[in-house]
Amino acid sequence: MSRDCYVVASGLPPHVGWQLRGESLRAEQLAAQARCAFDRVQYVVFLERLNLLRNERGGAVLNTVPDDVVVIPAGAFEAFCARIDPSVFIFSGSQYGQSAATARHHHTIVYDIAPERLDDQNLPDDERARIIGRHETLLGISARRFARLAEQAETHGAILNPLAPTPSARATTEPVRTALVEGASPPANGDPLPALRALFDFTAAHADTQVILTSERPDPSAPHSTQFGALTLASQVTALLTLSNTNRGDLWDIALAYMEAIAPGGSACQENSWQAMEAVAAGVPILCHSATEAAASPLLDPFPGEVIDNDFDAQTIATFVERARAGAYAAALSTAGDAMKKIRGHARLFDGLT
Amino acid sequence: MQVATPTFAAAASLSSRRVLGFCSSETDPGIQHPQLTWTHHERDLFDPNVSAYVIADMGLLSDAALALLAGRPVLIVLSRQSDMRHMALLAFERLIVLTPHDAVINRTPWPMPEGCGPHSVDTPSHWLAQQFASGPPQGAAPYKRLSKANLTEAGARAATPPIANVQHFWRDLSHCADLAQTVMPTGRMIACGDASHTSSPFNHFTPTVLFCGAENTDALSGDKLRQSTALVAPFALPRGTPVDDVIAGLATARDEPFQLHTVLVLAELQDVTVGCVYGEFVV
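Residues numbered from 1 in each chain as written. Chains lettered and ligands numbered in written order. Predicted model: local features only at pLDDT ≥ 70, side-chain atom pairs only at ≥ 80, totals over all residues.

Undergrad: How do you make sense of the overall build of chain B when you look at a structure like this?
TA: Of regular secondary structure, chain B possesses seven helices and 12 strands. When burial is assessed residue by residue, chain B has 47% of its 283 residues classed as buried. A sequence separation of at least 24 residues applies to 65% of the contacts in chain B between residues at least 6 apart. (Helix = DSSP H or I, 4+ residues; strand = E, 2+ residues; numbered from the N terminus. Buried ≥ 20, exposed ≤ 12 C-beta atoms within 10 Å, placed from the backbone. Contact = placed C-beta atoms within 7 Å.)

Put into structure tokens, the structure is as follows:
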């Protein structure tokens, strides 16, 4: 009997190509790791989630679903679980607690979770323990909070499995990398104003460096909206809307450096810095704050870029870009790429599960 | 469906009628032409005898005055970087539709964003003498007979179908950027794949949209697409001719399956139907 594995994902895997999210990268990583241990690996996406993503994306272009993606209405999930042979289900995200409870009757469950998500739900201790207890294996994505997860799930053998996107093979004819790419989580999660102000000062003094903004366009009433608008007036600055996965690859091809424009204090610092990790995987050095998850990732040692403790300033950005241009982070990027490859090929992660 | 009124020889009418220029009282655009008079007062723009505008300070125009640009050709004078960004913002939000009847005089040291603005001219004479600087795409020549109002209406209706709330990169296979931005909102897009724009960091990006005259299907053939790609293909047919052959020609131009989004009839001229096919090659 073949050993099958299903990765239940809230984001579409990157090769679907509509758009990339942290969930997409995480699902792809889990699938890659599962392929080391199982005969067949498929993504499961709930139809309701798919429709949400289609509406958000516009649905007009890039609408295809490949063979390794199973789309199932949420209401039919229980019947789906009963219909297929016993398999391993990996749930990526705490919102799937109920689905995991359903699948558990027939299948083995792996729970991939950031523990603060459980905290966010204000669950009573026994309920939290019950959710954690539904799973044979717990994966912790965040190094910073792994200790807490391990404590909560002492008897469940929690495993730290940090985010590790696919390291890109550097092209032999490498494109000219000229652009400083800015990115951040939605501004509600942190105050991007100091970073945008510093970037504005940087662009005023460095007209020769292309700056590409990938963070969400602010609502006109947001406090940093004016600064964002002023920044986009510079001729070398381009603000992009959401990119398809292919175009994200194109972006990293021309990226000289990546700046994660999040200041400390917001909950963004508790989110995984997926864009920063994606940049590193693409061979692009990163500038981020010490409160972000990228700064704490065990895969980034030595750190392929710069970590700051205070607010961003133009001189820090300029020094970082200058060092990136000089190739000062090449060795650290190579080490990080090797670490990512190693963890993605960690064949023992799902050992013993059938 | 609203049918546009045919208007012929817009260029000829421009050459013999009144052109009104608008600028602030602090600005001296230094642009002169026998047909051109300047004003500092926005109210003068509402004069029905004016057939075209030269706008030097677009940022000063009210919404009501901007609406006038929908029906009359406009020459936009860009003197400052903010002028360029302001025009780009208006085009991004589709508050103005830039057509082949419009043009810019760019006096800033910065190049126009590729595919995101009307063609550039040096003087009003050049503008008055030449609309459709690059000519309509192959098979869509009757587009040249549409007035500014016709094209604005077409642009307003064509804004919706191919648009998703994502970043599009469009490739002009027909070398007619000024018509492309009429039938799709290139203000929200970034041009790529044009050998003459190698300075753009996005030039090597994989396109999400191809712009191609419906008869120019040879230009569509090529290597396997790296991602699903939308197609915008303007066409013109003798009135009474079915449109299915046009769709079939596009659908079979590549190996990838073709999904038709919509076909818009944008204007009915006396003897010709002009429209645009919107679809997608699915990867």
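Undergrad: Mind showing me how you'd approach the packing of helix H8 (residues 193-205) of chain A against helix H9 (residues 225-232) of chain A here?
TA: Helix-helix packing is described using two parameters, namely the angle between the two axes and the distance between the axes. All names here are of chain A. In contact at an axis separation of 9 Å, H8 and H9 are set at 20° when each is read in the N-to-C sense. Judged on the interaxial angle alone, H9 and H8 are roughly parallel. In terms of crossing hand, the pair formed by H8 and H9 is left-handed. In this structure, H8 contributes Leu193, Leu196, Arg197, Leu199, Phe200 and Thr203 to the contact, and H9 contributes Gln227, Phe228, Ala230 and Leu231. Split by residue class, the contact of H8 with H9 holds seven nonpolar, two polar and one charged. (Axes fitted to C-alpha atoms, helices over the stretch in contact; angles between N-to-C directions. Parallel < 35°, antiparallel > 145°, perpendicular 65-115°, else oblique. Left-handed = near helix turned anticlockwise from the far one by under 90°. Nonpolar A, V, L, I, M, F, W, Y, C, P; charged D, E, K, R; others polar.)

Undergrad: Would you take a moment to explain the sheet that holds strand E6 (residues 137-140) of chain A for this structure?
TA: By definition, the strands of a sheet pair up through backbone hydrogen bonds, in either a parallel or an antiparallel sense. All names here are of chain A. Taken in spatial order, the seven strands of this open sheet run E3-E2-E1-E4-E5-E6-E7, and their pairing is parallel. Strand pairing shows two members of the sheet lacking a second neighbour, strand E3 (69-72) and strand E7 (159-160), which therefore form its edges. Pairing between strand E1 (residues 4-8) and strand E2 (residues 40-46): five bridges, direction parallel. Looking across to E2, one finds that cysteine 5 is bridged to valine 41. (Pairing = 2+ DSSP bridges.)

Undergrad: Would you take a moment to explain helix H5 (residues 148-158) of chain B for this structure?
TA: Side chains three or four residues apart in an α-helix point the same way, a direct result of the helix having 3.6 residues per turn. In terms of residue burial, H5(B) counts as a mostly covered element, since eight of its 11 residues are buried. Listed in full, the buried residues belonging to H5(B) are Lys148(B), Asn150(B), Leu151(B), Thr152(B), Glu153(B), Ala154(B), Gly155(B) and Ala158(B).

Undergrad: When you look at H8(A) in this model, what are you seeing that I'm missing?
TA: If you check H8(A), its first and last C-alpha atoms are 19 Å apart, about what 13 residues at 1.5 Å a residue would give, namely 18 Å. Along H8(A), the residues that are buried comprise Leu193(A), Ala195(A), Leu196(A), Ala198(A), Leu199(A), Phe202(A) and Thr203(A). (Expected span 1.5 Å × (residues − 1).)

Undergrad: Is there a simple way to think about the confidence of the model for chain B in this case?
TA: Close reading of the predicted structure is inappropriate where its pLDDT is low. All names here are of chain B. Summing up the model confidence of chain B, the mean pLDDT is 83 and the portion of residues at 70 or higher is 88%. Scored below 50 in pLDDT, residues 1-12 makes 16 contacts in the model with residues more than four places away or belonging to other chains. On the interface metric, ipTM, the complex scores 0.85, and its pTM is 0.85. (pLDDT = per-residue confidence, 0-100.)

Undergrad: How should the pairing of strand E12 (residues 286-289) of chain A be read in this particular structure?
TA: Each regular strand displays side chains that alternate between the two surfaces of the sheet. All names here are of chain A. Every second residue of E12 is oriented toward a common face, with Ile286 and Cys288 on one face and Leu287 and His289 on the other, all of them buried. Two strands pair when backbone bridges link them, and strand E11 (residues 255-260) and E12 are joined in this way by two bridges, in the parallel orientation. When the sheet's bridge partners are listed, tyrosine 258 is paired in E12 with isoleucine 286. Pairing of E12 with strand E13 (residues 305-308) involves four bridges; the strand directions are parallel. Bridged to cysteine 288 within E13 is valine 307.

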